[in-house]
Amino acid sequence: HPITRLPVELLAQVLIMGAEDDSMLPMVASHVCRHWRYLALRTPALWRRISLDSRLRMWSERLARARACALDVEILPQAQLLPPRPGRHYLDAQTVQLYMHMISPYINRWRSLTIDFQHYAPYLWNASLSVCCGFGPGVQALRLEHLSLVHPNNDDTKEFTLFNGYAPLLRSVTLNGIRLTWLPSLFANITSLDYTHHGFTRGEDAEIEIFKMLKVCSRLRELRLAFPTHTRKTMRLYDSPLPARERIPFNDLRTLTIHVEGADIPSALIALVARFDLRRLRKLTLSSSALTIPNQNSTHIHHHPTRNVFPFFSRIRKFQKALPRLPSLTRLELKHAW
């Protein structure tokens, strides 16, 4: 077959790229033929993706095959797994804690950590992050480059301090539904931040909290801020307001995306934008979710029961006045209610 004439270095690279899309590709490739199995077992990077589920013995063997290679650890919803796993479609805290207990001795080798919970269960963050919140060099993420923690239905207001405050190589962060202690030793060097506000604070408290977070991230090149619609109980964190003229100098920020899911622009967002220094921003995207309402003009309700509408934000003029000057802007995208 012509593929047998492909140099082993190129074949190994093709398999490594395929494993980024399918965590089970290494297992399949190692059973194709004797030559491919020999190559797969001697390519540690092929086994670096650890997508934890109930097959702990298999993942333990794959950890051994990865040798000293940096690891990509993930806990994904059932719907995102390829192929879908049989059995239960949700995770409880006890199961998640078992998964993390198996992978916790390798924290120093984590290249990325991705945890995505799309369902509700109590104490999920406690179960998944307790192994990352200790003290000492054993929990320091020395090789971590990407961190993604997503749990939109979270109701735990606890603030987590990860990796003993030390992750020198961290560059990309995605957060949704969680509060973290925003330490400079963890987040000062990140260049990409996708932050969805958890909703436990609103108004001036939300402004102060997000301002202090972004103040730490002085090297950001890409920023996405999202404000979803939440019905959670809010909490008070701050008693004194921010200084009136204090601003965030985004000297390296090139791309800014703002997403609003509610019926209007949050007051915290308007106050935050007024404190941004965006003189080097090149691309600005303002998006919102389409509201779905009954279609009263339709004669066939059972075929077209709803329609998407894009009402204008009533505070859009306030946002426009708060928006700083954008002398370097070359691309502007407005969607839905914007």
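For every chain, the first residue of the written sequence is number 1, and numbering continues from 1 onward in sequence order. Under the rules for a predicted model, residues below a pLDDT of 70 receive no local features and side-chain atom pairs below 80 are neither given nor counted, while totals for whole chains, interfaces and linings still include all residues. Here the side-chain values reflect all heavy atoms present in the structure, with hydrogen atoms and water set aside.

Visitor: Explain the overall build of the protein to me, and be specific about the residues and the numbers.
Guide: Helix and strand definitions here come from DSSP, where helices need a minimum of 4 consecutive H or I residues and strands a minimum of 2 consecutive E residues; each element is numbered from the N-terminal end. On a plain count of helices and strands, the protein comes out with 10 helices and 16 strands. Contacts are assigned to residue pairs with any non-hydrogen atoms lying within 4.5 Å of each other. Taking the contacts inside the protein whose residues are at least 6 apart along the sequence as the reference set, 73% of them involve residues at least 24 apart. Here, Shrake-Rupley sampling with a 1.4 Å probe gives the accessible areas, and only protein chains in the shown set may cover a residue. Only carbon and sulfur atoms are counted for the fraction: they give 54% of the accessible area of the protein, which is about 17,800 Å².

Visitor: For the sheet that holds strand 2 (residues 71-75), give the residues involved together with the corresponding values.
Guide: Pairing between strands requires that DSSP locate at least two bridges from one strand to the other. With respect to topology, 10 strands assemble into an open sheet ordered 1-2-3-4-6-8-9-11-13-16, the strand pairing being parallel. Edge positions in the sheet fall to strand 1 (49-51) and strand 16 (331-334), since each of these pairs with one other strand and no more. Averaged over all pairs of adjacent strands, the angle between strand axes in this sheet comes to 5°, irrespective of strand direction. Across 6 bridges, the pairing between strand 9 (residues 222-227) and strand 11 (residues 255-260) is parallel. Bridge assignment links Glu222 to a residue of strand 11, and that residue is Thr255. Between the N-to-C directions of two axes lies an angle of 0 to 180 degrees, each axis being a line fitted to C-alpha atoms and, for a helix, fitted only over the stretch in contact. Across the sheet, helix 5 (residues 93-103) lies against strand 1, strand 2 and strand 3 (110-116), angled at about 175° from strand 2, the strand it touches most.

Visitor: Provide a residue-level description of empty space enclosed by the protein, including the pertinent values.
Guide: Site definitions follow a grid-based scheme: protein atoms alone, a 1 Å grid, a 1.4 Å probe that fits but cannot get out for cavities, and for pockets an open set with protein on both sides within 12 Å along at least five of seven lines, plus lining residues having an atom within 4 Å of a point. Grid points are joined across faces, edges and corners, and a volume is the space filled by probe spheres set on the points. Counted under the stated rule, the structure contains 1 cavity of 30 Å³ or more. Taken as a whole, the largest cavity encloses approximately 30 Å³ of empty space. Of the residues belonging to the lining of the largest cavity, the class tally is 6 nonpolar, 2 polar and 2 charged. Each residue is assigned to one of three groups, with Ala, Val, Leu, Ile, Met, Phe, Trp, Tyr, Cys and Pro labelled nonpolar, Asp, Glu, Lys and Arg labelled charged, and all others, Gly among them, labelled polar.

Visitor: Can you tell me about the environment of Gln13, naming the residues and giving the values?
Guide: Examined against the element boundaries, Gln13 turns out to sit in helix 1 (residues 8-19). Under the scheme applied here, a residue whose accessible area is under 20% of the maximum for its type counts as buried, over 50% as exposed, and between as partly exposed, the area being computed with a 1.4 Å probe on protein chains only. For Gln13, a relative accessible area of 40% gives the class partly exposed. When the C-alpha positions of Gln13 and Ala45 are compared, they lie 9.2 Å apart, and in sequence the two are 32 residues distant.

Visitor: Can you lay out a nonpolar patch on the surface for me, pointing to particular residues and giving the numbers?
Guide: Residues form patches when they are more than 30% accessible in relative terms and have no salt bridge. Like charges link within 9 Å. Nonpolar side chains (Val, Leu, Ile, Met, Phe, Trp, Tyr) link within 5 Å. The working definition used for a salt bridge is a side-chain nitrogen of Lys or Arg within 4 Å of a carboxyl oxygen of Asp or Glu. There is a patch of nonpolar side chains on the surface, built from Ile3, Leu6, Leu10 and Val14 and spanning about 310 Å² of accessible area. On the secondary structure map, Leu6 appears in the segment before helix 1. The exposure class assigned to Leu6 is partly exposed, which follows from its relative accessible area of 31%.

Visitor: Explain the packing of aromatic side chains residue by residue, including any values.
Guide: Each aromatic pair joins two rings of Phe, Tyr and Trp (for Trp, the six-membered one) with centres within 6.5 Å, and gets the label stacked for planes under 30 degrees apart, edge-to-face for over 60, and tilted for any other angle. By the definition in use, this model includes 6 aromatic pairs. Considering the side-chain rings of Trp110 and Phe163, the 6.4 Å spacing of their centres and the 90° angle between planes classify their relative orientation as edge-to-face. You can see Trp110 sitting in strand 3 and its partner Phe163 sitting in the loop between strand 5 (159-160) and strand 6 (172-176), a full 53 residues away along the chain. Trp110 gets classed as buried once you look at its relative accessible area, which sits at 0%.

Visitor: Before we move on, could you go through the side chain of Thr114 and cite the residues and values that matter?
Guide: Relative to the elements of secondary structure, Thr114 occurs in strand 3. For Thr114, the residues in contact, after removing those within four places along its chain, are Val73, Glu74, Ile75, Leu76, His146 and Ser148.

Visitor: An account of the nonpolar core is requested, with residue identities and associated values reported.
Guide: Trp110, Leu149, Leu162, Phe163, Trp182, Phe187 and Leu214 are the most contacted members of the largest nonpolar core, which has 97 residues in total. Sequence-distant contacts of Leu149, that is, excluding residues within four places in its chain, are made with Leu113, Ile115, Trp125, Leu129, Leu162, Thr174, Leu175, Asn176, Ile178 and Leu180. Remark: nonpolar core denotes a set of buried residues (Ala, Val, Leu, Ile, Met, Phe, Trp, Tyr, Cys) joined through side-chain atoms within 4.5 Å.

Visitor: Would you mind going over the pattern of salt bridges in detail, with residue names and values included?
Guide: Under the definition given, this model contains 13 salt bridges. Between Asp53 and Arg55 there is a salt bridge; the shortest N-O distance is 2.7 Å. Note on Asp53: relative accessible area 7%, which makes it buried. Owing to a relative accessible area of 29%, Arg55 belongs among the partly exposed residues under this scheme. One salt bridge connects Glu246 with Lys215, and the closest N-O pair in it is separated by 3.8 Å. One end of the pair, Glu246, is in the loop between strand 9 and strand 10 (248-249); the other, Lys215, is in helix 8 (residues 203-216), with 31 residues separating them in the sequence.

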